[in-house]
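Okay, here's what each chain looks like letter by letter:
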Amino acid sequence: MPDHPLRGAAAIVGVADQADASGQIPGTVPQIEARMIREALADAGLTLADVDGVAINNPVGWAASLELAERLGITPRWTDTTQTGGSSFEIHVQHAAAAIALGLAEVVVVVYAATPRSDFKRGTGGWGSRANTAGVTPNMEWEFPHGLRLPMGAYALAASRHMHEFGTTSEQLAEIAVQTREWATMNPRARLQDPITVDDVLASPMEASPLHKLDCCLVTDGAGAVVLTSMERARDLARPPVAVLGAGVGHTHSMISQMPDLTTTGGAISGRDAFAIAGLGPTDVDVVELYDSFTITVLLALEDLGFCPKGEGGPFVADGPLRPGGALPANTNGGGLAYTHPGQYGMFLLVEAVRQLRGEGGPRQVPGAEVAVAHGSGGVLSAMATVVLGTEATL
Amino acid sequence: MAAERPRPERFSPPQSDAGAPFWEASRDRRLTLPWCTDCDAPHWYPRGFCPTCLSDAIEWRDAEPEGTVHAVSVQPKPNHPGLADRAPYAVVLVDLVDGVRMMLQCSSAGDPGAIAVGDAVRVGWEALPDGRHLPTAEVTGR
Ligand SMILES: [Zn+2]
């Protein structure tokens, strides 16, 4: 079978991210975005003058990519403001790789910055300002009045159903937080760096049953950027190129009450498509970066992407595969559970996957990593997007 | 002397045009569902057209106020100050016998933590200040 035209057409050539153990980072969102782009371009050995495409999801103003390009003083010929929450960046990579493959753009920057922790401390909003919605939305009419805390309550309903159908336990979910924290102990920028036990997770306050506080992601400031170009051009740049081998998207609902099946996400679609384009399968993957807004998010991703059969995520994670030295190293920076989570975590999945494939993981490097998966989730298990990445050896 | 803080009101849902017939029937504590007469099937939530065939031949019919808990989560903290005095409470997704799934708050007395997937529920009604009623779920058996 001939290669899919997307496979290996584009590469990620520059990355940057910023987070701090304090949970806060300095600067305004536009300043931080500019800093991330500067660093990611420098990482690639490119300059702003090379950039002809921008992708951004952050709705700071009325049209995010117009305002970004104006601030940067550039005139792109390709633009993307896809907003699916935390999976936006994986979708940006899919769109950018396709655009690059077709010659619609040559150098694309994808950027993200958010400061919910600082905003909250300044009393200027944090989550509240973001949650504001004008007019009559289906959520305000049919879900919000019933008192479900979001986002954790929506994930809790999915966990409740998974437990009912498959016998999954709180201890098994806690294992995900425990193994992710082991990685965070090796990341000096991680917000939470002390190891934890299953008992610690179960003893932490209940946020929305069956999810405890330590089943839930952080609220921190954070930012990042990635730069993509054609594989051909990538070979002449500063760092080893990381090829986009495949990408897929699948979204199933917006409100949790509309999720067709609470135990199967759009990852079953996005993962299937991404692996098919890559010509690879789950057993080929050396390291996974899985959106971990909550422990149940990881469990569902492992099943939907095919790392274990549907319903067997609980026993699968209980064996400890996700930890350093495990059979399926996952969330090697400490993830949204322990590293950083500014609200839309998907950018950090890409940055960490690229660093692992370049061998830049330092103490948390997965030896010999050639294939990585970055799997984003947006909304309340609503929008999934999977990117399969590989070293040049995988082409 | 500290000023007495007014008790926060329970959040009153806005009413969309598509949802208006539901809220009107709720004034009489009557559960109704939008049916597509082309598909001869109900759907939830109301959006003014059928999400299966996109027909706008929608008719509102009385529905069976019975169902089963599909998923449950107990909220130790409220999502709105107006619910503070009733936390912890359970929020459930209910599969109604007519075949639609609805999010409801459980109004049954007793330990919300005891509510389980598979429990039988009946739709009840909580009065809203404007005369409408909000549907709730009362556990009737397990
Ligand atoms: Zn229809």
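Residues numbered from 1 in each chain as written. Chains lettered and ligands numbered in written order. Predicted model: local features only at pLDDT ≥ 70, side-chain atom pairs only at ≥ 80, totals over all residues. Heavy atoms only, no water.

Draft legend 1. A look at the overall build of chain A. Looking only at helices and strands, one finds 15 helices and 11 strands in chain A. Principal-axis analysis of the C-alpha atoms places the extent of chain A at approximately 50 × 45 × 40 Å. Considering chain A as a whole, with its 395 residues, one finds that 63% of them fall into the buried category. Put simply, of all contacts in chain A between residues at least 6 apart along the chain, 75% involve residues at least 24 apart. For chain A, the computed accessible surface area is about 13,500 Å², with 54% contributed by carbon and sulfur atoms. Across chain A, the mean location of the 24 positive side-chain charges is 6 Å away from that of the 42 negative side-chain charges. (Helix = DSSP H or I, 4+ residues; strand = E, 2+ residues; numbered from the N terminus. Buried < 20%, exposed > 50% of the residue type's maximum accessible area, 1.4 Å probe, protein only. Contact = heavy atoms within 4.5 Å. Areas by Shrake-Rupley, 256 points an atom, 1.4 Å probe, with all protein chains shown as cover. Lys, Arg positive; Asp, Glu negative; His and termini not counted. Charge placed at Lys NZ, Arg CZ, Asp CG, Glu CD.)

Draft legend 2. Local environment of the sheet that holds strand S1 (residues 10-18) of chain A. Residues and elements named next belong to chain A. Reading across from one edge, S3-S2-S4-S7-S1-S8-S11-S10-S9 is the order of the 9 strands in this open sheet, with mixed pairing throughout. Two strands bound the open sheet, and with one partner strand each, they are strand S3 (78-80) and strand S9 (287-290). Going from strand to strand, the sheet's axes swing by 20° on average, the running direction of each strand aside. Relative to strand S11 (residues 383-390), strand S8 (residues 242-251) is paired through 8 bridges, and the arrangement is antiparallel. Counterpart to Val-249 in the pairing with S11 is Ala-385. (Pairing = 2+ DSSP bridges. Axes fitted to C-alpha atoms, helices over the stretch in contact; angles between N-to-C directions.)

Draft legend 3. Examining the pattern of salt bridges more closely. Scanning the model with the defined rule gives 28 salt bridges over all chains in all. For the salt bridge of Glu-392 of chain A with Arg-235 of chain A, the shortest nitrogen-to-oxygen distance reads 2.3 Å. Here Arg-235 of chain A lies in the loop between helix H10 (231-234) and S8 and Glu-392 of chain A lies in the segment after S11, a separation of 157 residues in the sequence. When the shortest N-O distance is used, the salt bridge between Arg-30 of chain B and Asp-62 of chain B registers 2.7 Å. Residue Arg-30 of chain B is located in the loop between helix H1 (20-26) and strand S1 (32-36), and its partner Asp-62 of chain B is located in strand S3 (residues 58-62); the two are separated by 32 residues in the primary sequence. According to the relative accessible area criterion, Arg-30 of chain B is partly exposed, its value standing at 36%. Each of the salt bridges in this network shares a partner with another, and the network as a whole consists of Asp-43, Arg-239, Arg-358 and Glu-360 of chain A. (Salt bridge = Lys/Arg side-chain N within 4 Å of Asp/Glu carboxyl O.)

Draft legend 4. Here's a closer look at the coordination of the zinc ion. Residue and element names in this part refer to chain B. Note on the zinc ion: its protein donors are Cys-36 (SG), Cys-39 (SG), Cys-50 (SG) and Cys-53 (SG). The metal-donor distances range over 2.2 to 2.3 Å. With 4 donor atoms in place around the zinc ion and angles of 105 to 114° between them, the coordination shape is tetrahedral. Sequence spacing among the residues donating to the zinc ion works out to C-x2-C-x10-C-x2-C. In this pair, Cys-39 is assigned in the loop between S1 and strand S2 (41-42) and Cys-53 in the loop between S2 and S3, connecting sequence segments 14 residues apart. (Donors = N, O, S within 2.8 Å, 3.2 Å for Na, K, Ca; no water. Tetrahedral: all angles 85-135°; square planar, octahedral: opposite > 155°, others 65-115°.)

Draft legend 5. Focus on the confidence of the model for chain A. Of all residues in chain A, 96% have pLDDT values of 70 or greater, and the mean over the chain is 95. In the model, residues 125-134 of chain A has pLDDT below 50 throughout and makes 15 contacts with residues more than four positions away in sequence or in other chains. (pLDDT = per-residue confidence, 0-100.)

Draft legend 6. Region of interest: the interface of chain A and chain B. Contact with chain A, which involves 29 residues of that partner, is made by 35 residues of chain B. Where chain A packs against chain B, one counts 0 salt bridges. Here chain A and chain B share 14 residue pairs in polar contact (both at pLDDT 80 or more) between them. For the side of chain A that touches chain B, the secondary structure elements donating two or more residues are helix H6 (138-142), helix H7 (152-166) and strand S5 (206-208) of chain A. Here the side of chain A that touches chain B gets 6 residues from one element, more than from any other, and that element is H7 of chain A. Looking at the side of chain A that touches chain B residue by residue, the classes come out as 16 nonpolar, 8 polar and 5 charged. (Polar contact = N/O pair within 3.5 Å; in protein donor to acceptor, adjacent residues only side chain to side chain. Nonpolar A, V, L, I, M, F, W, Y, C, P; charged D, E, K, R; others polar.)

Draft legend 7. View of the side chain of Thr-394 of chain A. All names here are of chain A. Along the chain, the position of Thr-394 falls in the segment after S11. The buried category is assigned to Thr-394, whose relative accessible area is 17%. In terms of polar contacts, Thr-394 uses its side chain to reach the backbone carbonyl oxygen of Thr-391, at 2.6 Å. Each residue touching Thr-394, except ones within four places of it in the same chain, is listed here: Arg-7, Leu-245, Glu-370 and Val-371.

Draft legend 8. Up close: the sheet that holds S3 of chain B. Residues and elements named next belong to chain B. Strands sit in the order S2-S1-S3 across an open sheet of 3 strands; the sheet is antiparallel. Strands at the two margins of the open sheet, each flanked by one partner only, are S2 and S3. The pairing of S1 with S2 spans 2 bridges and is classified as antiparallel. Considered in S2, the bridge of Cys-36 is made with Ala-41.

Draft legend 9. Region of the structure containing the nonpolar core. All names here are of chain A. Counting residues in each nonpolar core, the largest one holds 88 residues, and the members touching the most others are Ile-256, Ile-296 and Leu-302. Among the elements that take part in this core, H7 stands out by supplying 8 residues, more than any other. Within the second largest apolar cluster, 46 residues are counted, among which are Ala-19, Ala-190, Leu-228 and Val-244. (Core = buried A, V, L, I, M, F, W, Y, C linked by side-chain atoms within 4.5 Å.)

Draft legend 10. Representation of the pairing of strand S4 (residues 107-114) of chain A. Residue and element names in this part refer to chain A. In terms of residue burial, S4 counts as a mostly covered element, since 8 of its 8 residues are buried. Burial along S4 is two-sided: Val-107, Val-109, Val-111 and Ala-113 and Val-108, Val-110, Tyr-112 and Ala-114, pointing in opposite directions, are all buried. Of the strand pairs in this sheet, strand S2 (residues 53-56) and S4 are connected by 4 bridges, and their pairing is parallel. Across the sheet, residue Gly-53 finds its bridge partner in S4, namely Val-108. Of the strand pairs in this sheet, S4 and strand S7 (residues 222-230) are connected by 8 bridges, and their pairing is antiparallel. Of the residues in S7, the one forming a bridge with Tyr-112 is Gly-224.

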